[in-house]
Amino acid sequence: MRYLVPAQSTLEWEVVSKMIEKKRIAVLSGKGGSGKTTIATNLARVTGMPYVDLDVEEPNGFLFVKPDIEDTMDVTAFYPIIDKDKCTMCGKCADMCNFNAMVLGKKKVLVYDKLCHGCGVCTLVCESDAILEGQRSIGSAMRGIDERGIDAFQGVLNVGEAMAGPIISHIKNKMIGDSYVVDCAPGCSCNVVKALIDIDFAVLVGEDTQFGLHDLILAMDLCGKMGIPYGVVINKAADLSSSLVYQYCEKESIEVLGVLPFSREVAKSYSKGNLIVKDLAYREVFEDIAFKIVGEQ
Amino acid sequence: MKICISIASKDDRTVDARFARSMFWGLYDVESEMLEFIENEGFVSNHGAGIAAAHQVIKLGADAVITGNIGPNAYEILEDSDIKMYKMGSAQLDEAVKEFKEGCLGEISGAGPKHFGMGSSK
């Protein structure tokens, strides 16, 4: 039986003693700016689960979680280094590269590190042993602890890099346990897919607008394809009678985990870097969301 | 000598200003005066279009290209391979060839902005 310690008052910040066991939760939305980080940070706070920011191109969760950073690890990616003495200029590596990362120029093989996906095919097809496996730094992975002593993680991709995958994989495979709340990148492409691998339950944040609904449906489609059960949190919600997202969920029998009405107060609190479960009376809303997620198994 | 001209379509043969993202090359052999149309590999690339396009130009054995803008990656490759780069304003392919033969075309002296060929830059 899992339960959450109810808050005494919004001013007392107790550690919630029972964490949801073995529950890997991810928060995604499709549309950017719909409220993923708001939902993810506050949900993590209320449940006492570690917060994991996998929007490595633009991590922002730590603004709210404010952890003391304890570990920072450099994350590297493979790239090919051509040994010019051994290279015969046969061009096989460039021909085989699926990602246009190598070109046989007139004088040498040109390598475009940032396009390299690390598949290693070039090293396999080179018949002169002229390709060395280099590693280059693409970003970092950090672990910190918040004011209650609970872990928080984030990945940071270096500016100018295109490949976020290795950082996301590094954090998931080497750093976090099996109980956490992941804050995904916006959209539904590679960065999000990578973050969703092995997730038990997805919280889809539906911004209550036409764009929000459009992209929410894409996110649902993605979860469906990956076999991940999900529920929807409606954010910046209109009255339910005119709520686009609510009506869609009703029509399609999709579970609504919670509703956060559009509120200037929330925006103000957020803009100061506050967690709304601490600052305003939103704790119950998030506790209800957590209860519903726990019930989903 | 072969020259590679970036064009939008085989029918109207207008020179396309976008090197990597043009749909076709007009490959013109100066000696034989033969013209061949080839699909640009950069056009279909998700990433590295400039690289794919420049790489293809090398494979086609071209000594020069005529286009509008060349991005940083393609520029680096073409320069490294000693392939001359010429600029043409909006014009037909035949006119570009004529001006090339007369030596009137200006050279492209540096890379233009990257991703120029994407989005609504018209």
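This one's a predicted model, so the numbers in the text were calculated from it and none came from an experiment.

Asker: Go over the overall build of chain B with me, naming the residues and quoting the values.
Answerer: Looking only at helices and strands, one finds three helices and six strands in chain B. Shown N-terminal to C-terminal, the secondary structure of chain B runs as helices and strands in the order β-β-β-α-β-α-β-α-β. Seen through its principal axes, chain B has C-alpha atoms that stretch 35 × 30 × 25 Å. Among the 122 residues that make up chain B, the fraction classed as buried is 47%.

Asker: Run through the environment of A:Ile228, naming residues and quoting values.
Answerer: Residue and element names in this part refer to chain A. Position of Ile228 among the secondary structure elements: in the loop between helix H7 (210-226) and strand S10 (230-237). Sequence spacing of Ile228 and Asp198 is 30 residues, and the spatial spacing of their C-alpha atoms is 8.7 Å. Here Ile228 is in contact with Leu196, Ile199, Asp200, Phe201, Ala202 and Cys223, once residues within four sequence places are set aside.

Asker: A description of the sheet that holds strand S1 (residues 2-7) of chain B should follow, citing residues and the corresponding values.
Answerer: Residues and elements named next belong to chain B. Spatially, the six strands line up as an open sheet ordered S3-S2-S1-S4-S5-S6, and their pairing is mixed. Taken across any chain shown, the strands that pair with only one partner, and hence form the sheet edges, are strand S3 (34-39) and strand S6 (106-107). In the sheet, strand S4 (residues 64-67) pairs with strand S5 (residues 84-87) via four bridges, with the strands oriented parallel. Bridge pairing in S5 places Thr67 opposite Lys87. Those strands touched by helix H3 (residues 93-101) are S1, strand S2 (24-29), S3, S4 and S5, and its axis lies near 145° from that of S1.

Asker: Any chance you could break down the packing of aromatic side chains for me, citing the residues and the numbers?
Answerer: Residues and elements named next belong to chain B. According to the stated counting rule, one finds three aromatic pairs over all chains in the structure shown. Between the aromatic rings of Phe19 and Trp25, the centroid separation amounts to 5.1 Å while the plane-to-plane angle is 50°, which identifies the pairing as tilted. Just as Phe19 is buried, Trp25 falls in that class too. Ring geometry for Tyr86 and Phe100: centres 5.5 Å apart, planes at 75°, overall edge-to-face. Of this pair, Tyr86 sits in strand S5 while Phe100 is found in helix H3, placing the two residues 14 residues apart along the sequence. We classify Phe100 as buried; its relative accessible area is 14%.

Asker: With reference to specific residues and values, describe the sheet that holds strand S9 (residues 201-207) of chain A.
Answerer: Residue and element names in this part refer to chain A. The strand order S3-S6-S7-S2-S8-S1-S9-S10-S11 describes an open sheet built from nine strands, whose pairing is mixed. Edge positions in the sheet fall to strand S3 (68-82) and strand S11 (256-261), since each of these pairs with one other strand and no more. For this sheet, the mean inter-axis angle between neighbouring strands, taken without regard to orientation, is 20°. Alignment of strand S2 (residues 51-53) against strand S8 (residues 180-183), held across three bridges, turns out to be parallel. Its bridge partner lying in S8, Tyr51 is registered against Val181. Of the strands in this sheet, strand S1 (24-28), S9 and S10 are in contact with H7, which crosses S9 at around 165°.

Asker: Quick rundown of the packing of H7(A) against helix H8 (residues 244-252) of chain A? Include the residues and the values.
Answerer: All names here are of chain A. One way to put it is that H7 packs onto H8 with a least axis distance of 9 Å and a crossing angle of 35°. Residues Gln210, Leu213, Leu216, Ile217 and Met220 of H7 form the contact with H8, whose own contacting residues are Leu244, Val245 and Tyr248. Taken together, the residues of the contact of H7 with H8 sort by class into seven nonpolar, one polar and no charged.

Asker: Which residues make up the interface of chain A and chain B, and what values do they have?
Answerer: Of the residues lining the interface, 14 residues belong to chain A; the matching set on chain B comes to 15 residues. Considering only the surface of chain A that becomes buried against chain B, A:Asn100, A:Lys106 and A:Tyr112 emerge as the three largest contributors, covering 43% of it. In this assembly, chain A and chain B are joined by two salt bridges. The shortest N-O distance in the salt bridge between A:Lys108 and B:Asp80 comes to 3.4 Å. Our count for the contact surface shared by chain A and chain B stands at eight residue pairs in polar contact (both at pLDDT 80 or more). Those elements that place two or more of their residues in the side of chain A that touches chain B are helix H3 (92-96) and strand S4 (102-104) of chain A. Broken down by element, the side of chain A that touches chain B gets its largest block of residues, three residues, from S4(A). In terms of residue class, the side of chain A that touches chain B is built from eight nonpolar, two polar and four charged.

Asker: Can you lay out the environment of A:Cys184 for me, pointing to particular residues and giving the numbers?
Answerer: Residue and element names in this part refer to chain A. Following the sequence through the fold, Cys184 ends up in the loop between S8 and helix H6 (190-196). Considering only alpha carbons, one finds Cys184 and Lys36, 148 residues apart in sequence, at a separation of 7.5 Å. Not counting chain neighbours up to four residues away, the residues in contact with Cys184 comprise Ala26, Val27, Leu28, Lys36, Asp55, Ala195 and Leu196.

Asker: Now, about a nonpolar patch on the surface: what can you tell me, with residues and values included?
Answerer: On the surface, a cluster of nonpolar side chains totalling about 280 Å² of accessible area is made up of B:Met23, B:Phe43 and B:Val44. Relative to the helices and strands, B:Phe43 resides in the loop between S3 and helix H1 (49-59).

Asker: Tell me about the pattern of salt bridges, and please be specific about residues and values.
Answerer: When their charged atoms lie close together, side chains carrying opposite charge are able to pair. Summed over the entire model, instances satisfying the criterion amount to 21 salt bridges over all chains. For A:Lys225, the salt bridge goes to A:Asp221, with nearest N and O atoms at 3.0 Å. One end of the pair, A:Lys225, and the other, A:Asp221, are both in helix H7, four residues apart, so they sit about a helical turn from each other. You can call A:Asp221 partly exposed: its relative accessible area is 42%. A salt bridge links B:Arg13 to B:Asp94; its shortest N-O distance comes to 3.5 Å. With B:Arg13 in the loop between S1 and S2 and B:Asp94 in helix H3, this pair connects stretches of sequence that are 81 residues apart. If you follow the salt bridges from partner to partner, you end up with A:Glu70, A:Asp71, A:Arg143 and A:Asp151 in one network.

Asker: Report on H3(B), specifying residues and quantitative values.
Answerer: Residue and element names in this part refer to chain B. For H3, the set of buried residues is Leu93, Ala96, Val97 and Phe100. Within H3, the buried residues cover an arc of 100° as seen down the axis, which keeps them to one side. Buried positions along H3 lie against S1, S2, S3, S4 and S5. Just downstream of H3, Gly103 is the residue with a positive phi angle, here 75°.

Cut-offs applied
- Residues numbered from 1 in each chain as written.
- Chains lettered and ligands numbered in written order.
- Predicted model: local features only at pLDDT ≥ 70, side-chain atom pairs only at ≥ 80, totals over all residues.
- Heavy atoms only, no water.
- Helix = DSSP H or I, 4+ residues; strand = E, 2+ residues; numbered from the N terminus.
- Buried < 20%, exposed > 50% of the residue type's maximum accessible area, 1.4 Å probe, protein only.
- Contact = heavy atoms within 4.5 Å.
- Pairing = 2+ DSSP bridges.
- Axes fitted to C-alpha atoms, helices over the stretch in contact; angles between N-to-C directions.
- Phe/Tyr/Trp six-rings, centres within 6.5 Å; stacked < 30°, edge-to-face > 60°.
- Nonpolar A, V, L, I, M, F, W, Y, C, P; charged D, E, K, R; others polar.
- Buried area = accessible area lost by both parts, 1.4 Å probe.
- Salt bridge = Lys/Arg side-chain N within 4 Å of Asp/Glu carboxyl O.
- Polar contact = N/O pair within 3.5 Å; in protein donor to acceptor, adjacent residues only side chain to side chain.
- Patch = residues over 30% accessible without salt bridge, like charges linked within 9 Å, V, L, I, M, F, W, Y side chains within 5 Å.
- Areas by Shrake-Rupley, 256 points an atom, 1.4 Å probe, with all protein chains shown as cover.
- Arc of directions from axis to C-beta.

Without other data, these values stay purely geometric and don't point to any function.
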